[in-house]
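Structural overview for review
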Amino acid sequence: LAQQLNPGVRTSFRVKGTIDDYVLRQAALLPMGDGDFVFPTNADIRRAIRKRDGATVRVEIELDESPIELSPDLMECLADAPEAQAFFDSLPRGHQNYYSKWIESAKTTDTKVKRITQAVQGMTMGMGYGEMIRYFKNKA
């Protein structure tokens, strides 16, 4: 199916659609190395569709070429921190997405605020995503 959606592509690409009634948006199909692709389903997706490992599902997907949206809350805070904004703007788009996804995956407002604070502080210090995560993990 991946080759029908995006012929000749051997790298990860994004799809949209549904798994049963669960809506997928900007979900990644990952290459297996032999031309096949896999769509990893995490526990959150399995819980949402009420399925366990090995269950059968109905999947409808299509290529998703929409631009990845960055966290509006992060972007608003970066506007107030010029050094962090300049560092963020210098990052490749994929690295910007790491920050954004991490912030948007927070389950509570308190966690989201903490992550935005850490991200802006880390970027002000010139840290990439992985370096920032390690820095604050070691401070805990």
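Scroll up a little and you will see the structure.
Per chain, residues are indexed from 1 in the order of the written sequence. Where local features are concerned, this predicted model is filtered to residues with pLDDT of at least 70; where side-chain atom pairs are given and counted, the filter is 80 or more; whole-chain, interface and lining totals use all residues. With hydrogens and water set aside, each side-chain value is computed from the structure's full complement of heavy atoms.

A closer look at a nonpolar patch on the surface
Residues form patches when they are more than 30% accessible in relative terms and have no salt bridge. Like charges link within 9 Å. Nonpolar side chains (Val, Leu, Ile, Met, Phe, Trp, Tyr) link within 5 Å. Exposure was quantified through the Shrake-Rupley algorithm and a 1.4 Å probe, taking into account, for residues, occlusion by the shown protein chains and nothing else. By convention in these notes, a salt bridge is any Lys or Arg side-chain nitrogen within 4 Å of a carboxyl oxygen on Asp or Glu. Side chains of Leu-30, Met-32 and Val-38 sit close together on the surface and give an oily, nonpolar patch of about 250 Å² of accessible area. Along the chain, the position of Leu-30 falls in strand S2 (residues 22-31). Burial status follows relative accessibility: with a 1.4 Å probe on protein chains alone, a residue under 20% of its type maximum counts as buried, one over 50% as exposed, and anything between as partly exposed. Of the residues examined, Leu-30 reaches a relative accessible area of 34% and is grouped as partly exposed. Going along the chain from the N terminus, every DSSP run of H or I of four or more residues is numbered as a helix, and every run of E of two or more is numbered as a strand.

Brief notes about the pairing of S2
Note: two strands are recorded as paired if DSSP finds a minimum of 2 bridges between them. Examined bridge by bridge, strand S1 (residues 13-19) and S2 share six bridges and lie antiparallel to one another. Following the sheet pairing, Val-15 is matched in S2 by Ala-27. In sequence, S1 turns back onto S2 through a hairpin of two residues, with Asp-20 there showing a positive phi of about 50°. For S2 and strand S3 (residues 37-38), the ladder comprises two bridges, and the chain directions are antiparallel. Bridge pairing links Pro-31 to Phe-37 in S3. What sits between S2 and S3 in their antiparallel hairpin is a turn of five residues, with Gly-33 showing a positive phi close to 105°.

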